[in-house]
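For reference, the chains in residue letters:
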Amino acid sequence: MLQDVNKNADAFVTDIIESEVRADLAKKEAKLKVPSKDIYVPKMEEVLYTIGSQWKQRYLIKKDGEYYIAPTQFNIDSGTWTNYHEHDWNKRPWLKKCGGCHATGVDLKTNSFVEPGVGCEACHGPGSHHAALPTDETFEKRATIVNPAKLTGGVATQICGACHNRGKSTMAKGSGWPVGYTPGKALEKFYKSIGAGSKKLYSNEYSKGHHQQYLDWKRSKHADSGIDCVTCHTVHELGNPIFASKTRVQGDALCTSCHQKVAKVGAHSVHTFGNCANCHMPRIAKSAESGDIRSHVFDVLLPKDQIEIGIPSSCSTCHQHKDADPAELQKEWDRLTSREAKAAAAN
């Protein structure tokens, strides 16, 4: 979330203390593209906006009339500082690279935006006419705004996919968001998503990077079945969500509202302590720290997948099995599932 620090000084999740930042960066010296002592560390009074408060926080400054993300990032879970494009941060104008998914009403010609954060028009399209009409003109007001609930599933989900995605604009060279796209239009006309071979994807094309849930979802059986983002997530809830990830209901209750509970055979016979998401949505993608984002392909990743293609398995992302030999885990899986097959055959 993009927050104006001049309006809310508490938007900072931590103070920027240069000595502490450089101490953390020095620990990563071998991986840095610029010596830690030379990396620009912004002063708090230079920061205009903060970006993020869940996994990490980045800091927006202005230089020569352009917004840029400073090359220092605070990882919230570990409480440590890390680098972010330390070698080319001042060659990456924020509005062009990222702004359209963090602010509403971005205008690349004037280097400006109307509203910080994801406002109404980000998902409902231009709304000045809608807002100007009197409240008693209900039907007229409805006709002047895009209501995703009344769109076909394909273009409605693309509204989410406009930002929960990764790729490049087809309309503005060098831009990382779909410049010119408005809700209800076909996203692919404005945006080319990454594909096989990207460093942000595993070799099976499951997401390795963050904000790529739409790419995962398109590969899932949920997409084939018409299960879309708002089937599981709320979008209009204000403030902190009641449940993690803004899901409609908590935990397994969300999954079992559609899926029947399975018999306790195979892997389900030994996972009475777990939940659906831990195995079917393993934490294999990275926002700040490795494994802090869940996969949205809704597929169990087996130990043999870890062996064959190097992707973390559903088992290895659990503390119980994180140090176990994948080959031994696969043998155990095969034993459990073969028993399930025999039991089914006997019936």
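Reading the values: rules and limits
Residues numbered from 1 in each chain as written. Predicted model: local features only at pLDDT ≥ 70, side-chain atom pairs only at ≥ 80, totals over all residues. Heavy atoms only, no water. Helix = DSSP H or I, 4+ residues; strand = E, 2+ residues; numbered from the N terminus. Rg over C-alpha atoms; globule rule 2.2 N^0.38 Å. Buried < 20%, exposed > 50% of the residue type's maximum accessible area, 1.4 Å probe, protein only. Contact = heavy atoms within 4.5 Å. Phe/Tyr/Trp six-rings, centres within 6.5 Å; stacked < 30°, edge-to-face > 60°. Lys NZ or Arg CZ within 6 Å of the ring centre and 35° of its normal. Pairing = 2+ DSSP bridges. 1 Å grid on protein atoms, 1.4 Å probe; cavity = no way out; pocket = protein on both sides within 12 Å on 5 of 7 lines; lining within 4 Å. Points joined across faces, edges and corners; volume = space filled by probe spheres on them. Nonpolar A, V, L, I, M, F, W, Y, C, P; charged D, E, K, R; others polar. Salt bridge = Lys/Arg side-chain N within 4 Å of Asp/Glu carboxyl O. Disulfide = S-S within 2.5 Å.

Q: Which parts of the structure should I look at to understand the overall build of the chain?
A: Along the backbone of the chain there are 13 helices and 12 strands. A globule of 347 residues ought to have a C-alpha radius of gyration of about 20 Å, and the chain, at 23 Å, matches this closely. For the C-alpha atoms alone, the extent of the chain along its principal axes is close to 70 × 60 × 35 Å. For the chain, the proportion of its 347 residues judged to be buried stands at 37%.

Q: Would you take a moment to explain the environment of Val179 for this structure?
A: By the element assignment, Val179 lies in the loop between strand E9 (167-169) and strand E10 (191-193). Owing to a relative accessible area of 16%, Val179 belongs among the buried residues under this scheme. For Val179 and Ala70, which are 109 residues apart along the polypeptide, the C-alpha to C-alpha distance reads 23 Å. In this view, Val179 contacts Leu108, Ser169, Met171, Ala172 and Phe190; residues no more than four positions away in its chain are not counted.

Q: It is not clear to me how the packing of aromatic side chains should be interpreted in this structure. Could you clarify?
A: The relation between two aromatic rings is expressed through the spacing of the ring centres and the mutual angle of the planes. One pass over the full model with this rule turns up 12 aromatic pairs. When the ring of Tyr67 is compared with that of Phe113, the centres are 5.8 Å apart and the planes differ by 45°; the resulting orientation is tilted. Of this pair, Tyr67 sits in strand E4 (residues 66-69) while Phe113 is found in the loop between strand E7 (103-104) and strand E8 (115-116), placing the two residues 46 residues apart along the sequence. Each member of the pair, Tyr67 as well as Phe113, carries the same accessibility label: buried. Each member of the aromatic cluster is reached from another via a ring pair, and the members are Phe12, Tyr59, Phe74 and Trp81. Over the ring of Tyr84 we find Arg58, and its NZ or CZ is 3.7 Å from the ring centre.

Q: Whenever I open this one, the pairing of E4 confuses me. Can you help?
A: Strand direction decides the pairing type here: strand E3 (residues 56-63) and E4, joined by four bridges, are antiparallel. The partner of Lys62 across the bridge, within E4, is Tyr67. Counted between consecutive antiparallel strands, the loop separating E3 from E4 contains two residues, among which Asp64 sits at a positive phi close to 50°.

Q: Mind showing me how you'd approach empty space enclosed by the protein here?
A: Gaps between atoms show up when a probe of the same size as a water molecule is rolled over them. For the structure shown, the criterion picks out two cavities of 30 Å³ or more. Roughly 70 Å³ of internal volume is contained in the largest cavity. Together, Ile69, Tyr84, His85, Trp89, Arg92, Trp94, Lys97 and Cys98 line the largest cavity. Grouping the amino acids of the lining of the largest cavity by side-chain chemistry returns five nonpolar, one polar and two charged. In this structure, the second largest cavity spans a volume of roughly 50 Å³. Every residue along the wall of the second largest cavity is listed here: Ser207, Gly209, His210, His211, Gln212, Gln213, Asp216, Ala285, Ile293, Arg294 and Ser295. The set of elements that each furnish at least two residues to the lining of the second largest cavity consists of helix H7 (213-218) and strand E12 (290-294). Across the lining of the second largest cavity, the residue classes break down as two nonpolar, seven polar and two charged.

Q: What's the story with the pattern of salt bridges in this structure? I'm lost.
A: Between side chains of opposite charge, a pair can form as their charged atoms come close. Applying the stated rule across the entire model yields eight salt bridges. For Asp38, the salt bridge is made with Lys37, and the minimal N-O distance between the two is 3.2 Å. Notably, a salt bridge pairs Asp323 with Lys322, separated by 3.1 Å at the nearest N-O pair.

Q: Sorry if this is basic, but what is going on with the state of the cysteines here?
A: Disulfide: a covalent bond formed between the sulfur atoms of two cysteine residues. Counted under the stated rule, the structure contains one disulfide. For Cys101, the disulfide goes to Cys163, at an S-S distance of 2.1 Å. In this structure the cystine formed by Cys101 and Cys163 twists about its S-S bond by roughly -90°; its chirality is therefore left-handed. Here Cys101 is found in the loop between helix H2 (94-97) and E7, whereas its partner Cys163 is found in the loop between helix H6 (153-161) and E9, with 62 residues between them in sequence. Accessibility expressed as a relative area gives 21% for Cys101, which makes it partly exposed.

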